Amino acid sequence: MRLIFPAPASADDLDDDALVARYAPDRSRQTVRVNFAASLDGAVEVGGFSEPLSGPADKRVFKILRQHCDALLVGAGTVRNEGYHAVTLDPARRAWREAHGLAPYPVPAIVSASLALDPRADILARAPVRPIVFTHDGAPADRRAALADVADVVSCGVATVDLGVALAQLRSRGLPHVLSEGGPHLFGGLVAADLVDELCLTYSPQLAGAGAERIVAGPVPAAPLGMRLVHALFAEDSLITMYARAR
Ligand SMILES: NC(=O)c1ccc[n+]([C@@H]2O[C@H](COP(=O)([O-])OP(=O)(O)OC[C@H]3O[C@@H](n4cnc5c(N)ncnc54)[C@H](OP(=O)(O)O)[C@@H]3O)[C@@H](O)[C@H]2O)c1
């Protein structure tokens, strides 16, 4: 993996330590970082899944992003569609976190209006730390009760989920660095409310063709949000980029 922007001091491949340092978040305030992979023609999935868009280099960064985060925010659609597993980290990454004053595991936080989530799903039932489910007051009471056995079910609005309130909840729980792994509707909600600080976007070297969604769906923001390039890595014909909100 080689750094191409900003201009590299050398053309050497970046080792894991260098990548971990490059992706270190600003911990002086809450940061919301979103991670996606897309095909060159903008598809967010191939055959319904993100896996075909992710090669070894993207997977390496994916793990480093998880290594840094306090909370892992994901939409219920992605959980259901991808059969999300419990968020685990290998022992070396857990040790790194503890040595840097972080909890061994990030807290999984799922956003769902319908609460159509199976409490026996791996991400909930086998989570090493108690997950959070963000919903609203009008969500079905029976589903709320079933999920309360395995997660903190938190209302963030009367009839809809206010993502700003959900992020404030994470802040108040001492979880400042939020990584969102999508999907498109959750990202669309975050963009519409201008709640995104960083986007880590991998351009997968393939043309998926028509049919798939983009990385963003749902509500439309009042105006496009400006972003600035933080870095671009090159590996396996993929561009692995990080952009930050230009405020
Ligand atoms: N390429 C990638 O990096 C990547 C990453 C993630 C996902 N994906 C792909 O994206 C597809 C899934 O797309 P998606 O848009 O359905 O994913 P999503 O955003 O994870 O899920 C949408 C669902 O999440 C809940 N949700 C999201 N935002 C909400 C909000 N603001 N308020 C209330 N509920 C909210 C709702 O759940 P309820 O229906 O339960 O109310 C909604 O129906 C899959 O094919 C997946 O493979 C790709």
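Residues numbered from 1 in each chain as written. Predicted model: local features only at pLDDT ≥ 70, side-chain atom pairs only at ≥ 80, totals over all residues. Heavy atoms only, no water.

### Side note on the UniProt feature "domain: Bacterial bifunctional deaminase-reductase C-terminal" (unreviewed entry) in the protein
As a reminder of what qualifies: UniProt positions are given in the numbering used here, feature names are shortened, and annotations may be inferred rather than shown by experiment. In this text, helices come from DSSP runs of H or I with a minimum length of four residues, and strands from runs of E with a minimum of two, each type numbered from the N-terminal end.
Feature annotation in UniProt places "domain: Bacterial bifunctional deaminase-reductase C-terminal" (unreviewed entry) on residues 31-231, given in this structure's numbering. In this annotation, residues 31-231 is assigned 30% helix and 21% strand; the end-to-end C-alpha distance for the span is 17 Å.

### Considerations on the site of the ligand
To keep things clear, this is the line we draw: We call a residue near a molecule or strand whenever a single non-hydrogen atom of that residue lies within 4 Å of it. In protein, a polar contact requires one atom able to donate a hydrogen and another able to accept it; more generally it is a pair of N or O atoms within 3.5 Å, and residues adjacent in sequence count only if both atoms are side-chain atoms. The method behind every accessible area is Shrake-Rupley, applied with a 1.4 Å probe, and residues are considered shielded solely by the protein chains displayed. Side-chain classes follow a simple rule in which Ala, Val, Leu, Ile, Met, Phe, Trp, Tyr, Cys and Pro form the nonpolar group, Asp, Glu, Lys and Arg form the charged group, and the remainder, Gly included, forms the polar group.
Lining the immediate surroundings of the ligand are 27 residues, of which Ala-37, Thr-78, Glu-82, Ser-112 and His-185 lie closest. A distance of 2.8 Å is found between an oxygen atom of the ligand and a backbone nitrogen or oxygen belonging to Ala-113. Leu-186 is positioned such that a nitrogen or oxygen atom in its backbone is 2.8 Å from an oxygen atom of the ligand. Taking 910 Å² as the accessible area of the ligand by itself, protein coverage stands at 82%. The set of elements that each furnish at least two residues to the shell around the ligand consists of strand S2 (31-39), helix H3 (76-82) and helix H8 (184-192). Ranked by residues supplied to the shell around the ligand, first place goes to H3 with six residues. A class-by-class count of the residues in the shell around the ligand yields 12 nonpolar, 11 polar and four charged.

### Here's the deal with the pairing of S2
Threshold: Buried residues are those whose accessible area, probed at 1.4 Å on protein chains only, stays under 20% of the maximum for their type, while exposed residues exceed 50% and partly exposed ones sit between those limits. Think of it this way: DSSP has to see at least two bridges between two strands before they count as a pair.
Of all nine residues that make up S2, nine are buried, and the element is covered over most of its length. Burial along S2 is two-sided: the face carrying Thr-31, Arg-33, Asn-35, Ala-37 and Ser-39 and the face carrying Val-32, Val-34, Phe-36 and Ala-38 are both buried. Bridge analysis of S2 against strand S7 (residues 177-180) gives four bridges, and the strand direction is parallel. Its bridge partner lying in S7, Val-34 is registered against Ser-180. Pairing geometry for S2 and strand S8 (residues 198-204), over seven bridges, is parallel. Within S8, the position partnered with Ala-37 by the bridge is Thr-202.

### Here we look at the pairing of S8
Burial analysis of S8 places six of its seven residues in the buried class, which makes it a mostly covered element. Taken together, the six bridges between S8 and strand S10 (residues 238-245) define a ladder with antiparallel strand orientation. Directly across from Tyr-203, in S10, lies its bridge partner Leu-239.

### Brief notes about the packing of aromatic side chains
By convention here, two paired aromatic rings are described through the distance between centres and the angle between planes. Here is the rule: Note on ring pairs: Phe, Tyr and Trp rings are taken, using the six-membered ring of Trp, and paired if centres are within 6.5 Å. Classes follow the plane angle, with under 30 degrees stacked, over 60 edge-to-face and the rest tilted.
According to the stated counting rule, one finds one aromatic pair in the structure shown. Between Phe-36 and Phe-187, the aromatic rings sit 5.3 Å apart at their centres with planes inclined by 45°, giving tilted as the arrangement. Within this pair, whereas Phe-36 is found in strand S2, its partner Phe-187 is found in helix H8, the two being separated by 151 residues in sequence. On the basis of relative accessible area, Phe-36 is assigned to the buried category, the value being 6%. With a relative accessible area of 7%, Phe-187 lands in the buried category.

### Quick notes on the domain arrangement of the protein
Filter applied, for reference: Domain start and stop positions are those given by an automatic or database domain assignment. Should any heavy atoms of two residues lie within 4.5 Å, those residues are counted as being in contact. Throughout, the accessible surface (probe 1.4 Å) given up by two parts as they are put together, summed over both, is called the buried area. Take a side-chain nitrogen of Lys or Arg and a carboxyl oxygen of Asp or Glu: if they are within 4 Å of each other, that pair is a salt bridge.
Under the domain assignment used here, the protein contains domain 1 (35-42 + 51-69 + 184-247) and domain 2 (70-176). Between the C-alpha centres of domain 1 and domain 2 the distance comes to 21 Å. Taken together, the contact between domain 1 and domain 2 spans 10 residues of the former and 18 residues of the latter. For the pairing of domain 1 and domain 2, the buried interface totals around 1300 Å² over both sides, and the portion due to carbon and sulfur atoms is 64%. For the pair domain 1 and domain 2, the number of links is zero salt bridges.

### Brief notes about the side chain of Thr-78
When you line up the elements, Thr-78 lands in helix H3. Residues within four places of Thr-78 in sequence aside, it is in contact with Gly-83, Tyr-84, Gly-182 and Gly-183.

### What to know about the side chain of Glu-198
As for its position among the elements, Glu-198 is in strand S8. Taking the relative accessible area as the measure of exposure, Glu-198 reaches 12% and is therefore buried. Here the side chain of Glu-198 touches Arg-33 through a polar contact of 2.6 Å, side chain to side chain. With sequence-adjacent residues up to four places away left out, Glu-198 is seen in contact with Val-32, Arg-33, Val-34, Met-242, Tyr-243 and Ala-244.

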